[in-house]
Amino acid sequence: RLRANLRSQELLVERNGEELRTYREALEKRDEENRQGRVDEDRSRQEVLSDFKRKFDRERVRLTQALEKSNSVSRSLNSILPTIQAIERDLQGVPGKPAAPQGSYYTS
């Protein structure tokens, strides 16, 4: 009877060992799947962030170019504005035939 109990205990220990091994394998598999999921999420976040950065950089370049063009147009307008104002004053001041401003390309 003692041997039967011992054998029964041995079988129980073996069964519990197998169940414990199965449980540990399942835990390892779940942990690996979780790790892989985090790696995939991190990769996806990096791709989204990289895409956003590329779009941001393109937009920054586009806006910088627009600002430079606007500044160039502004400088051009500032350089010809005195001539335009002089012509306008001449046209408003003398009815009929306007006088040419000094140093101007405008002639009557």
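Residues numbered from 1 in each chain as written. Predicted model: local features only at pLDDT ≥ 70, side-chain atom pairs only at ≥ 80, totals over all residues. Heavy atoms only, no water.

### Some points on the overall build of the protein
When helices and strands are tallied, the protein shows 1 helix and 0 strands. Residues classed as buried in the protein amount to 5% of the 108 residues present. Total accessible area computed for the protein in this model is approximately 10000 Å², and 54% of it derives from carbon and sulfur atoms. (Helix = DSSP H or I, 4+ residues; strand = E, 2+ residues; numbered from the N terminus. Buried < 20%, exposed > 50% of the residue type's maximum accessible area, 1.4 Å probe, protein only. Areas by Shrake-Rupley, 256 points an atom, 1.4 Å probe, with all protein chains shown as cover.)

### Details of the packing of aromatic side chains
Counting across every chain of the model gives 1 aromatic pair. Considering the side-chain rings of Phe52 and Phe56, the 6.4 Å spacing of their centres and the 25° angle between planes classify their relative orientation as stacked. Of this pair, Phe52 and Phe56 both sit in helix H1 (residues 2-93), 4 residues apart, which is roughly one turn of the helix. (Phe/Tyr/Trp six-rings, centres within 6.5 Å; stacked < 30°, edge-to-face > 60°.)

### Topic: the pattern of salt bridges
For the coordinates displayed, the defined rule picks out 11 salt bridges. One salt bridge connects Arg30 with Asp31, and the closest N-O pair in it is separated by 3.4 Å. In this structure, Arg54 engages Asp51 in a salt bridge whose closest nitrogen and oxygen atoms are separated by 3.6 Å. With Arg54 and Asp51 both in helix H1, this residue pair falls 3 residues apart, about one helical turn. Among the charged side chains, a network of salt bridges with common partners joins Glu41, Asp42 and Arg45. (Salt bridge = Lys/Arg side-chain N within 4 Å of Asp/Glu carboxyl O.)

### Details of H1
With 92 residues, H1 should cover 136 Å at 1.5 Å per step; its first-to-last C-alpha distance of 130 Å lies within 8% of that length. Buried within H1 we find Ala86, Ile87 and Asp90. (Expected span 1.5 Å × (residues − 1).)

### Brief notes about a nonpolar patch on the surface
Judged by side-chain polarity, Val73, Leu77, Ile80, Leu81 and Ile84 come together as a nonpolar surface patch covering roughly 420 Å² of accessible area. Positionally, Leu77 belongs in helix H1. (Patch = residues over 30% accessible without salt bridge, like charges linked within 9 Å, V, L, I, M, F, W, Y side chains within 5 Å.)

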